[in-house]
Amino acid sequence: RSGIWLKPSVGCFSSIPCTLGRCGVVNVACSMADWAVGGPYLIAYMVFSVVVFVMEFYLDVRQYKKNCTLEVPPELKYVGVECNKEEFLKTQDYQKDKRLFGFVKDPLGFAWAVFNLFYTGPALWHFSSSLFEKGDYFEYKCTLCWLFLQGWVDKPLSSAFSLYSSFVLEEKHGFNKMTLGLWISDLAKSELLSYFFGGLLIPLLIWVVNSTGERFYLYAWGTCQTLIFAFMWIYPNVIQPMFNKFEELKDEELRKKICNLAAEHNFPLTKLFQVDGSKRSSHSNAYFFGFWKFKRIVLFDTLLKDKDDEDTKKGTDEDKKEEDKKESTTPREKLYSHSEILAVLCHELGHWKFNHTTMMLVISSAHIFILFYLFGQVMYSGESSQAIVRQFGYAETKSVMVSLTIFMMMFEPTEKILQLLMTLLTRRNEFQADGFAVSCGRARPLVTGLKTLSKANKGDLNPDPWYSWYHHSHPPLVERLKPIMDAAKKEK
């Protein structure tokens, strides 16, 4: 969101530059004059940041006005979405509450980021520098200390936003399933993982840049590419199981149908999992991962729940107790039918069929290479580079991570344009994957499945066109159903 435009990629936080005396007394290490912030590069960055913030805030206001509408939009009926006024207003309330939360979160985040830019980022760097003597490994120790302090000073604000989002906003609308203990456990695991991987990878990047000469960008790019492929295996196989329980899909009938679908399209399916996403949220999802001929499909257990579970959770405690007492000899109706789940998975197979993942990896690889190349040209060009570092308050600092942080801030205008282009490309890929599902004869269950997903997740039924174009990489329901229906007519 808007606040990131003023944050270095590693975050910025508040402190006072100081050193510890022999007796543990805190002394000021350097004055503000030693690392004054200001200059044309910083001013240009600030102007861009303000423009982006104002533009995104304006789009949020446009969307908020759409979410305040009380009448069901006629476009829903045109695309076959049967939505009574009560359901529509519940969805509007959820979307409106998210906008209102953003109206508080975004300005606070922006103000905090400005303070970080002008004071706490450079202050923490100079404080970290004062803790270690010049010599071997100084840059490594100073950089890790700087990043560690930044992370913890920022934690109160980010944690407050996370707590409110989960335990107030999502809880109010029936989505949050997380306990406070689970939230604390997730935070602790995330912090430990960031320390472990950060402690390994950041020194590695510093070493590569400092040790490989003028063409360091080639080695830095190669290192990052290797790490990306490594994490494509590590994340789903090692990190995700630390947070969620993965088990073989229990529904044998559905398992057989999914295996047949994969075989029909020569999809190299090796394993089929269900994951306990319901312990954190009632939102639903499905995805696949894996290299080459070793693909795996994962279904959130919220896709497999009974329809009665969705209905009875809205009733009183007495209603639920009565429902629990009822015994039935017939199977309970599922919220999502097998045909709907298969249609959604067919959409995912469309991404594989059209090599969308490979396309994104190639674009990402080219993006990383260009970033490192330009980083070398801009931040390692002698006195002009050091002048840029001074303007951001880091004085005569010569540090890889400080320079990279400043470069990424200055690159934000170009990055924002690229981000928008990637959003448009992702939207195109989503429509193409929908078209694949339609070509496989699954238009009707795909439409009903998307409607059910939107209803269960309270997806936005009244999107502002500008807001949607700018933010939504996955098109809203109304935008998505029309091409599916048009394609289905052509297939007929």
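Residues numbered from 1 in each chain as written. Predicted model: local features only at pLDDT ≥ 70, side-chain atom pairs only at ≥ 80, totals over all residues. Heavy atoms only, no water.

Brief notes about helix α1 (residues 40-67)
For the record, the criterion: Under the scheme used here, helices are H or I runs from DSSP no shorter than 4 residues and strands are E runs no shorter than 2 residues, and both carry numbers assigned from the N terminus. Working rule for helices: expected span equals 1.5 Å times residues minus one. The classification of residues rests on relative accessible area computed with a 1.4 Å probe and restricted to protein chains. Under 20% of the type maximum is buried, over 50% is exposed, and intermediate values are partly exposed. For this analysis, residues touch if any pair of their heavy atoms sits within 4.5 Å.
Its 28 residues place the ends of α1 41 Å apart at the C-alpha level, agreeing with the 40 Å of an ideal helix rising 1.5 Å per residue. When α1 is considered as a whole, its buried residues turn out to be Leu-42, Tyr-45, Met-46, Phe-48, Ser-49, Val-52, Phe-53, Glu-56, Leu-59, Asp-60, Gln-63 and Asn-67. Where α1 is buried, its residues meet α3 (85-130), α12 (383-391), α13 (400-410), α14 (412-439) and α16 (465-471).

Focus: the packing of helix α7 (residues 252-264) against helix α10 (residues 338-353)
Quick note on the threshold: A fitted line through C-alpha atoms serves as each axis, taken over the contacting stretch for helices, and the angle formed by two N-to-C directions is quoted from 0 to 180°. With the far helix as reference, a near helix turned anticlockwise by less than a right angle produces a left-handed crossing, and one turned clockwise produces a right-handed crossing. All residues other than Ala, Val, Leu, Ile, Met, Phe, Trp, Tyr, Cys, Pro, Asp, Glu, Lys and Arg, Gly among them, are scored as polar; the first ten of these are nonpolar and the last four charged.
In the contact formed by α7 and α10, the axes pass within 11 Å of each other and the chain directions differ by 35°. With respect to the hand of their crossing, α7 and α10 are arranged in right-handed fashion. Residues Glu-253, Leu-254, Lys-257, Ile-258 and Leu-261 of α7 form the contact with α10, whose participating residues are His-338, Ile-341, Leu-342, Leu-345, Cys-346 and Leu-349. Within the contact of α7 with α10, the residues separate by chemical class into eight nonpolar, one polar and two charged.

Quick look at the state of the cysteines
Cut-off, in case you're wondering: The term disulfide is used for any two cysteine sulfur atoms that are within 2.5 Å.
Per the counting criterion, the structure on display carries zero disulfides. Take Cys-145: it sits in no disulfide, and the sulfur closest to it among the cysteines is that of Cys-142, at 6.8 Å. For Cys-145, a relative accessible area of 16% translates into the label buried. No disulfide involves Cys-346; its sulfur sits 3.8 Å from the nearest other cysteine sulfur, which is in Cys-440.

A look at helix α6 (residues 216-243)
How we decide: One axis is fitted to the seven residues ending at the residue and one to the seven starting there. The bend at that residue is the angle between these axes.
At Tyr-235, α6 is deflected by roughly 50°, the largest bend along its length, and proline Pro-236 occurs up to four residues later in sequence. Turning to α6, its buried residues are Phe-216, Tyr-217, Ala-220, Gln-225, Pro-236, Ile-239, Gln-240 and Phe-243. In this fold, the buried residues of α6 make contact with α5 (180-211), β3 (246-248), β5 (286-289) and α11 (356-379).

A word on the side chain of Glu-191
Tracing the chain through its elements places Glu-191 in helix α5. Residues contacting Glu-191, with those up to four places away along its chain left out, are Trp-152 and Lys-155.

Examining unusual backbone geometry
Backbone geometry places Asn-355, a non-glycine residue, at a positive phi of 60°. Mapped onto the secondary structure, Asn-355 falls in the loop between α10 and α11. Asn-355 gets classed as partly exposed once you look at its relative accessible area, which sits at 45%.

Some details on the packing of α6 against α11
Between α6 and α11, the shortest axis-to-axis distance is 9 Å and the interhelical angle comes to 145°. Crossing of α6 over α11 shows right-handed handedness. Along the contact surface, α6 presents Phe-216, Tyr-217, Leu-218, Ala-220, Trp-221, Cys-224, Gln-225, Ile-228, Phe-229 and Met-232, while α11 presents Leu-361, Ser-364, Ser-365, Ile-368, Phe-369, Phe-372, Tyr-373, Phe-375 and Gly-376. Considered class by class, the residues forming the contact of α6 with α11 number 15 nonpolar, four polar and no charged.

Topic: the pairing of strand β4 (residues 269-275)
Convention followed: Only strands joined by at least two bridges in the DSSP assignment are considered to pair.
Buried residues dominate β4, accounting for five of its seven residues. Pairing geometry for β3 and β4, over three bridges, is antiparallel. Bridging from a neighbouring strand, Glu-248 pairs with Phe-273 of β4. Relative to strand β6 (residues 295-300), β4 is paired through six bridges, and the arrangement is parallel. Residue pairing for β6: Phe-273 is matched across the bridge by Val-298.

Regarding the nonpolar core
The condition is simple: The set of buried Ala, Val, Leu, Ile, Met, Phe, Trp, Tyr and Cys residues whose side-chain atoms join them within 4.5 Å is what this entry labels a nonpolar core.
Core analysis: the biggest nonpolar cluster contains 43 residues, and Ile-258, Ile-297, Leu-299, Leu-345 and Leu-481 have the highest contact counts within it. Looking at this core, the elements with two or more residues in it are α7, β4, β5, β6, α10, α14, α15 (443-457) and α17 (477-491). No other element matches the seven residues that α10 contributes to this core. Dropping the residues within four chain positions of it, Leu-481 is found in contact with Val-79, Val-81, Val-447, Leu-450 and Lys-451. Listed in part, the 39 residues of the second largest apolar core include Met-46, Leu-117, Phe-375 and Val-389.

What to know about the sheet that holds β4
Taken in spatial order, the four strands of this open sheet run β3-β4-β6-β5, and their pairing is mixed. Looking at the sheet topology across the chains shown, the edges are occupied by β3 and β5. Recorded for the sheet is a direction-independent mean angle of 30° between the axes of neighbouring strands. Here β5 pairs with β6 via four bridges, running antiparallel. Across the sheet, residue Ala-286 finds its bridge partner in β6, namely Leu-299.

Looking at the confidence of the model for the protein
Quick note on the threshold: What pLDDT expresses is the predictor's confidence in each residue, scored from 0 to 100.
Mean pLDDT over the protein stands at 86; residues scoring 70 or higher make up 87%. Counted against residues more than four places away or in other chains, residues 1-31, with its pLDDT under 50, gives 94 contacts.

So, the packing of aromatic side chains
Operational definition: Geometry of aromatic contacts follows a simple scheme: Phe, Tyr and Trp rings, the Trp one being its six-membered ring, pair when their centres are within 6.5 Å, and the pair is stacked under 30 degrees between planes, edge-to-face over 60, tilted otherwise.
Throughout the structure, instances matching the rule amount to 31 aromatic pairs. Aromatic pair Phe-216 and Tyr-217: ring centres 6.4 Å apart, planes at 75°, arrangement edge-to-face. One exposure class covers both Phe-216 and Tyr-217, and it is buried. Seen from their ring centres, Phe-267 and Phe-288 are 5.4 Å apart, and the 80° between their planes marks the pair as edge-to-face. Of this pair, Phe-267 sits in the loop between α7 and β4 while Phe-288 sits in strand β5; the two residues are 21 residues apart in sequence, bridging distant segments of the chain. Look at Phe-267 and you get buried, because its relative accessible area is 5%. A relative accessible area of 18% means that Phe-288 is categorised as buried. Each member of the aromatic cluster is reached from another via a ring pair, and the members are Phe-216, Tyr-217, Trp-221, Phe-369, Tyr-373, Phe-375, Tyr-380, Phe-407 and Phe-411.

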